[in-house]
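One letter stands for each residue in the lines below.
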Amino acid sequence: MELQVYNSLTRKKEIITPDDGVVNLYFCGPTVYWFQHIGNLRAFFVMDSMRRAVKYLGYKINHAMNITDVGHMTSDADEGEDKMELASKREQKTPQEIADYYWSLCHKDMQDLNIEEPEHICPATSVIPEIIKFVQDILDNGYGYITKNGVYYDTSKYSHYGELGGMNQDDKLFGARIEVDDEKKNPADFVLWVIAKDNHIQKWDSPWGVGYPGWHIECSAIGNKFLGEHIHLHGGGIEHRTVHHENEIAQNFAKCGHEVVDCWFHLEHLMFDGGKMSKSKGGIYTLSALKDSGYSPMDLRLFYLSAHYTKPQNFTFEALNNAKESYNNLKKLILKHKKGTNLIEKSIISDYKNKFSQYVADDINSPLALSVLWDALKNNSESKDIYELVLDFDRFLGLRLDEIKEEKTDIPQDIIDIAEERKSARINKDYKTSDILRDKIASLGFSILDKAGNEYEIIKK
Ligand code: AMP
Ligand code: ZN
């Protein structure tokens with residue numbers, strides 16, 4: 001089945017056509033100056049879903065992701081201060097120590113969330129020679145110019161500049177403004193290489209002076225190094241559409257003389273309290289904080305799966321609690337089928353499989369794919385065929401369904417059932433029922449210890 005993805009450039013769904021069965025996927029990675037919140041992690045979950053969809057539909061994948069450890073200013077349009085340098089001052093560590101530490105946290109979160117490792121993970125600072133060569137090629141091909149502040153891209157040379165973000169010629173006022181540079185030719189021109197001030201920590205020799213790369217060039221250079229001149233899918237957060245990806249398109253064209261990316265996909269943000277969850281605004285949650293409150297990474301993954309990536313997703317604890325409860329229900333249903341002895345007609349299994357694949361292929365429609373998982377699990381005929389089917393679905397869903405095992409417990413099943421009933425009552429804030437059920441459990445010789453996130457422990461008295 002062919003994968004179709006909504007292309008933010010052409011504004012329609014398009015079929016992804018691999019070369020020799022291989023899909024090249026690039027996704028803009030984290031800036032490792034601070035910890036990643038669950039909004040950032042939604043981005044990497046979407047990256048992973050795209051990767052898994054490609055593989056689920058039978059293609060091979062070649063996937064690259066950068067780690068931004070230099071040159072990302074506090075504004076994506078290259079204004080403000082360098083985020084790595086700010087963190088370095090804040091924590092009295094070298095930029096390298098900052099990058100290593102925050103990448104290790106981000107990497108751990110990705111592993112917890114069952115995000116598959118891209119084939120190529122590349123810090124920007126490890127490809128400075130490639131970046132310099134890329135900038136040189138842009139200059140040699142006539143798309144750049146040098147000023148006292150560095151090397152700029154001349155946006156007037158690329159006639160399609162602004163199309164991804166939907167900007168007309170008059171709107172192109174964004175772009176690099178590394179302080180005001182009176183030698184800049186057009187307001188939208190952006191920086192490729194910045195001449196460093198004396199007190200700047202991260203800097204390298206270059207043909208244009210000691211300095212550091214602009215933020216946008218790393219993704220072009222890393223994509224080119226690992227994926228070549230044809231990238232089938234390139235993604236990132238929606239805010240990258242108007243500046244960062246616009247600039248990547250221009251850079252790629254200047255170097256290669258042709259368009260490099262077939263399809264640009266962008267995820268909408270995770271929202272909290274009416275706005276985008278963001279480090280600068282506060283009101284953020286990390287995965288480790290959620291884990292401390294009793295939620296598992298798979299609860300969060302199931303929560304993410306319940307919304308389509310092209311729609312904003314609202315984060316509430318009510319929604320996360322629902323995901324947690326659903327994951328527990330999933331476990332029970334899966335264990336029933338795992339032990340099932342019934343045979344299911346092959347045509348029924350292939351109907352489920354076809355439906356599921358269609359939803360995956362249709363711009364990775366995870367909410368509808370989930371609905372097929374539930375339909376299959378709710379089949380009354382308990383069967384290993386269903387168990388095998390949902391393990392197959394899990395190649396896309398990534399919910400670690402193969403790790404679900406019968407939990408060994410001395411607590412009788414009827415007590416567990418009452419405790420689960422009580423938990424549902426608590427989730428629904430029906431405290432009267434919850435108290436009645438607690439008393440019932442006590443009368444049967446057990447007590448219940450409540451934990452964060454409506455979790456609990458049953459103790460034999
Ligand atoms: P950063 O580390 O700031 O470069 O962000 C890493 C990724 O997280 C980028 O692709 C951003 O677009 C994405 N991102 C940031 N905030 C959110 C959010 N609230 N929801 C979803 N993605 C986000
Ligand atoms: Zn990028």
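Structural notes, computed from the coordinates.

Thresholds applied
- Residues numbered from 1 in each chain as written.
- Chains lettered and ligands numbered in written order.
- Predicted model: local features only at pLDDT ≥ 70, side-chain atom pairs only at ≥ 80, totals over all residues.
- Heavy atoms only, no water.
- 1 Å grid on protein atoms, 1.4 Å probe; cavity = no way out; pocket = protein on both sides within 12 Å on 5 of 7 lines; lining within 4 Å.
- Points joined across faces, edges and corners; volume = space filled by probe spheres on them.
- Helix = DSSP H or I, 4+ residues; strand = E, 2+ residues; numbered from the N terminus.
- Nonpolar A, V, L, I, M, F, W, Y, C, P; charged D, E, K, R; others polar.
- Pairing = 2+ DSSP bridges.
- Near = heavy atom within 4 Å.
- Polar contact = N/O pair within 3.5 Å; in protein donor to acceptor, adjacent residues only side chain to side chain.
- Areas by Shrake-Rupley, 256 points an atom, 1.4 Å probe, with all protein chains shown as cover.
- Sits in = over half its atoms within 2 Å of the grid points.
- Salt bridge = Lys/Arg side-chain N within 4 Å of Asp/Glu carboxyl O.
- Buried < 20%, exposed > 50% of the residue type's maximum accessible area, 1.4 Å probe, protein only.
- Axes fitted to C-alpha atoms, helices over the stretch in contact; angles between N-to-C directions.
- Expected span 1.5 Å × (residues − 1).
- Contact = heavy atoms within 4.5 Å.
- Phe/Tyr/Trp six-rings, centres within 6.5 Å; stacked < 30°, edge-to-face > 60°.

## A closer look at the layout of surface pockets
Empty pockets left among the atoms are what a rolling probe the size of a water molecule brings to light.
Okay, so step 1: Approximately 880 Å³ is the volume attributed to the largest pocket.
Okay, so step 2: Mapped by element, the contributors of at least two residues to the lining of the largest pocket are helix 8 (297–305), helix 9 (317–339), helix 13 (413–427) and strand 16 (456–460).
Okay, so step 3: Here the lining of the largest pocket takes eight residues from helix 9, the largest share from any one element.
Okay, so step 4: Looking at the lining of the largest pocket, its residues break down into nine nonpolar, five polar and 14 charged.
Okay, so step 5: Lining the second largest pocket are 34 residues, and of these Asn 40, Lys 83, Glu 239, Lys 276 and Lys 279 lie nearest its centre.
Okay, so step 6: Mapped onto the lining of the second largest pocket, the elements with two or more residues apiece are helix 1 (38–56), helix 2 (83–91) and strand 10 (231–237).
Okay, so step 7: Of the residues forming the lining of the second largest pocket, the biggest block, four residues, is contributed by helix 1.

## A short note on the pairing of strand 6 (residues 144–147)
Okay, so step 1: The sheet contact formed by strand 6 and strand 7 (residues 150–153) spans four bridges and is antiparallel. Within strand 7, the position partnered with Thr 147 by the bridge is Gly 150.
Okay, so step 2: Hairpin connection, strand 6 to strand 7: the antiparallel pair is bridged by two residues.

## Overview of the site of ligand 1
Okay, so step 1: Surveying the vicinity of ligand 1 reveals 17 residues, the closest of which are Thr 31, Gly 39, Glu 239, Leu 270 and Met 277.
Okay, so step 2: In the model, a nitrogen atom of ligand 1 is placed 3.0 Å from a nitrogen or oxygen of the Gly 39 main chain.
Okay, so step 3: Bound to the protein, ligand 1 loses 95% of the 500 Å² it would expose on its own.
Okay, so step 4: If you map ligand 1 onto the pockets, it falls in the second largest pocket.
Okay, so step 5: Partitioning the shell around ligand 1 into residue classes produces six nonpolar, eight polar and three charged.

## Re unusual backbone geometry
Okay, so step 1: Even without glycine at this site, Asp 273 takes up a positive phi of about 55°.
Okay, so step 2: Structurally, Asp 273 can be placed in the loop between strand 12 (270–272) and strand 13 (275–276).
Okay, so step 3: Phi at Lys 429 is positive, roughly 60°, even though this residue is not glycine.

## Some words on the pattern of salt bridges
Okay, so step 1: In total, this model carries 29 salt bridges according to the counting rule given.
Okay, so step 2: Glu 406 serves as the salt-bridge partner of Lys 339, at 3.2 Å between the closest nitrogen and oxygen. Here the residue Lys 339 occupies a position in helix 9, and Glu 406 occupies one in the loop between helix 12 (384–397) and helix 13, the gap between them amounting to 67 residues. Comparing Lys 339 with Glu 406, the two get one shared label, exposed.
Okay, so step 3: With its nearest N and O atoms 3.7 Å apart, the salt bridge here joins Asp 450 to Arg 426. Here the residue Asp 450 occupies a position in strand 15 (residues 446–450), and Arg 426 occupies one in helix 13, the gap between them amounting to 24 residues.
Okay, so step 4: Where salt bridges share partners, they join Asp 48, Arg 51, Arg 52, Lys 55, Glu 116, Glu 119 and Arg 301 into one cluster.

## Section: the environment of Lys 108
Okay, so step 1: Its place among the elements puts Lys 108 in helix 3 (residues 95–112).
Okay, so step 2: Note on Lys 108: relative accessible area 41%, which makes it partly exposed.
Okay, so step 3: A C-alpha to C-alpha distance of 38 Å links Lys 108 and Pro 207, two positions 99 residues apart in sequence.

## With respect to the sheet that holds strand 6
Okay, so step 1: The strand order 6-7-8-9 describes an open sheet built from four strands, whose pairing is antiparallel. The open sheet is flanked by strand 6 and strand 9 (211–213), the only strands paired with a single partner. Recorded for the sheet is a direction-independent mean angle of 20° between the axes of neighbouring strands.

## Side note on helix 12
Okay, so step 1: Over its 14 residues, helix 12 runs 19 Å from end to end, which matches the ideal 20 Å to within 8%, given 1.5 Å per residue.
Okay, so step 2: Among all positions of helix 12, only Ile 386, Tyr 387, Leu 389, Val 390, Asp 392, Phe 393, Asp 394, Phe 396 and Leu 397 are buried.
Okay, so step 3: Buried residues along helix 12 sit in contact with helix 1, helix 8, helix 9, helix 10 (346–361) and helix 11 (366–377).
Okay, so step 4: Its side-chain oxygen placed 2.9 Å from the backbone nitrogen of Asp 385, Ser 383 serves as the N-cap of helix 12.
Okay, so step 5: Remark: Gly 398 follows helix 12 within two positions and exhibits a positive phi of approximately 70°.

## As for helix 5 (residues 217–227)
Owing to its 3.6 residues per turn, the α-helix aligns residues three or four sequence positions apart on the same side.
Okay, so step 1: For helix 5, the tally of buried residues reaches eight of 11 residues, placing the bulk of the element in the interior.
Okay, so step 2: What helix 5 keeps buried is the set Ile 217, Glu 218, Cys 219, Ser 220, Ala 221, Ile 222, Gly 223 and Leu 227.
Okay, so step 3: Gly 228 lies just past helix 5 and shows a positive phi near 85°.

## Focus on the sheet that holds strand 14 (residues 313–314)
Okay, so step 1: Pairing is mixed across the open sheet formed by three strands, whose spatial order is 13-12-14. Edge strands, defined here as strands with exactly one partner in the open sheet, are strand 13 and strand 14.

## Re the environment of Ser 381
Okay, so step 1: Mapping Ser 381 onto the fold places it in the loop between helix 11 and helix 12.
Okay, so step 2: For Ser 381, a relative accessible area of 22% translates into the label partly exposed.
Okay, so step 3: Considered as a pair, Ser 381 and Thr 341 are 40 residues apart in the sequence and their alpha carbons are 8.7 Å apart.
Okay, so step 4: In this structure, Ser 381 is in contact with His 337, Asn 342, Ile 344 and Ile 386, ignoring residues within four places of it in sequence.

## Overview of the packing of aromatic side chains
Okay, so step 1: A full pass over the atoms with the stated rule returns 24 aromatic pairs.
Okay, so step 2: Taken together, a centroid distance of 6.0 Å and an interplanar angle of 40° make the contact between Tyr 295 and Phe 317 tilted. In this pair, Tyr 295 is assigned in the loop between helix 7 (287–292) and helix 8 and Phe 317 in helix 9, connecting sequence segments 22 residues apart.
Okay, so step 3: For the ring pair Phe 356 and Phe 396, a centre distance of 6.1 Å and an interplane angle of 75° mean the geometry is edge-to-face. With Phe 356 in helix 10 and Phe 396 in helix 12, the pair connects residues that are 40 residues apart, well separated along the chain.
Okay, so step 4: Ring pairing ties together the aromatic residues Phe 45, Phe 272, Tyr 285, Tyr 295, Phe 303, Tyr 304, Phe 315 and Phe 317, which thus form one cluster.

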